[in-house]
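Read off the chains here:
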Amino acid sequence: FIIDTIVFPDLKEINEIIKDTECILHAADQDLPCLTKTGIIPTKIFDTEKAARLLNYNKVSLGSMVEEKLNVKLEKLHSNDDWSVRPIPKKWIAYAALDVEYLIELKNKLIQELIQTEKIKYAEEEFTHCLQTTYEKYLQRQIEKNTLQHIFHYIPGCLTLKNRRQLEIVHQLYITRENLGKKLDIAPTMLLKNKALTQAAKIMPHSREEMMKLSLFKGKKTRAHKNKWWGAIARADSCPEEKLVKFTRKENNA
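Residues numbered from 1 in each chain as written. Predicted model: local features only at pLDDT ≥ 70, side-chain atom pairs only at ≥ 80, totals over all residues. Heavy atoms only, no water.

S.K.: Before we move on, could you go through the nonpolar core and cite the residues and values that matter?
M.R.: Of all hydrophobic cores here, the largest spans 28 residues; its most connected members are V170, L173, F217 and W229. For this core, the secondary structure elements donating two or more residues are α8 (164-184), α10 (194-203), α11 (208-212) and α13 (226-238). In terms of residue count, α8 provides more of this core than any other element does, six residues in total. For F217, the residues in contact, after removing those within four places along its chain, are L192, A196, Q199, A200, M211, M212, T222, R223 and W229. Judged by nonpolar contacts, the second largest core, of 25 residues, contains L25, I45, L62 and L110. (Core = buried A, V, L, I, M, F, W, Y, C linked by side-chain atoms within 4.5 Å. Buried < 20%, exposed > 50% of the residue type's maximum accessible area, 1.4 Å probe, protein only. Helix = DSSP H or I, 4+ residues; strand = E, 2+ residues; numbered from the N terminus. Contact = heavy atoms within 4.5 Å.)

S.K.: Break down the packing of helix α2 (residues 28-38) against helix α7 (residues 120-146) for me, with residues and values.
M.R.: Angle between the axes and distance between the axes: these two values describe a pair of packed helices. Where α2 contacts α7, the two axes come as close as 9 Å, and the packing angle between them is 70°. In terms of axis orientation, α2 runs roughly perpendicular to α7. In this structure, α2 contributes A28, D29, L32, P33, T36 and K37 to the contact, and α7 contributes C130, L131, T134, Y135 and Y138. Partitioned by chemical class, the residues of the contact of α2 with α7 number seven nonpolar, two polar and two charged. (Axes fitted to C-alpha atoms, helices over the stretch in contact; angles between N-to-C directions. Parallel < 35°, antiparallel > 145°, perpendicular 65-115°, else oblique. Nonpolar A, V, L, I, M, F, W, Y, C, P; charged D, E, K, R; others polar.)

S.K.: Which residues make up the pattern of salt bridges, and what values do they have?
M.R.: Side chains carrying opposite charge are able to pair once their charged atoms draw close together. Summed over the entire model, instances satisfying the criterion amount to 10 salt bridges. Here E22 ties to K107 by a salt bridge, and the two come within 2.8 Å at their closest N and O atoms. Here E22 is found in the loop between α1 (12-18) and β1 (23-25), whereas its partner K107 is found in helix α6 (residues 103-116), with 85 residues between them in sequence. Note on E22: relative accessible area 26%, which makes it partly exposed. Taking the shortest distance from any N to any O, the salt bridge between E67 and K73 comes out at 3.9 Å. Exposure remark for E67: the relative accessible area of 38% places this residue in the partly exposed category. Classification of K73 by relative accessible area gives exposed; the value is 59%. (Salt bridge = Lys/Arg side-chain N within 4 Å of Asp/Glu carboxyl O.)

S.K.: Now, about a nonpolar patch on the surface: what can you tell me, with residues and values included?
M.R.: A surface patch of nonpolar side chains, amounting to about 790 Å² of accessible area, comprises F1, I3, V7, F8, I14, I17 and I18. Its place among the elements puts F1 in the segment before α1. (Patch = residues over 30% accessible without salt bridge, like charges linked within 9 Å, V, L, I, M, F, W, Y side chains within 5 Å. Areas by Shrake-Rupley, 256 points an atom, 1.4 Å probe, with all protein chains shown as cover.)

S.K.: Outline unusual backbone geometry, supporting the account with residue identities and numerical values.
M.R.: Residue R86 is joined to P87 through a cis peptide bond whose omega torsion reads -5°. Within the secondary structure, P87 sits in the loop between α4 (62-70) and α5 (90-101). With a phi angle near 65°, A27 is a residue other than glycine that sits in the positive phi range. Structurally, the position occupied by A27 is in the loop between β1 and α2.

Laid out in structure tokens, this is it:
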């Protein structure tokens, strides 16, 4: 079954039926926060991605694993589409179904290998740890994002930036993007990709026109809000030196 959680956001009744059933997921740490928010709280999982990593596969994406183990090539045509669109196009629904259709077969292949290599106990420990810690980590990250703490740890490329002025560009673009996403009720990264923030910071464009020549600012949704992005860069450029944002390293509590 495919359930639209925007139409049916509360799945607690379904959870009561399936809560003792093993859930097969690929990259469970990405899926568990979404499931938990709907009321689906698994008590047992099998993570095909973690299993593949334990078995030392070089490519562990779902598409790569299904192709290698089951000789089936999954088309990844709609992974970057705007899934907030309603009604969901039929082709997208078929794509979503294919994304999970082969998980049981893949799990059966991988569990045999885990047993043969005597890694099954390690896999079970990994799955249990994922269940126990993923949602807590997700909540902490949401708090940090909402309070703008450690945002540079979540934006690829920030460690390569050379000065605080560049960090300020990322900071201002991030705030602008988040506020605009909330206002338009759309995922912020659909408006401006994370890599676009650091691309702008590295180039430090001197005009709106120069900014729009950047490769990651050419998308339709991004172009529609070019004045917002340029305003953020201009604010970063005019920010007094003593008020520029600082990079603070995140403590490792592991």
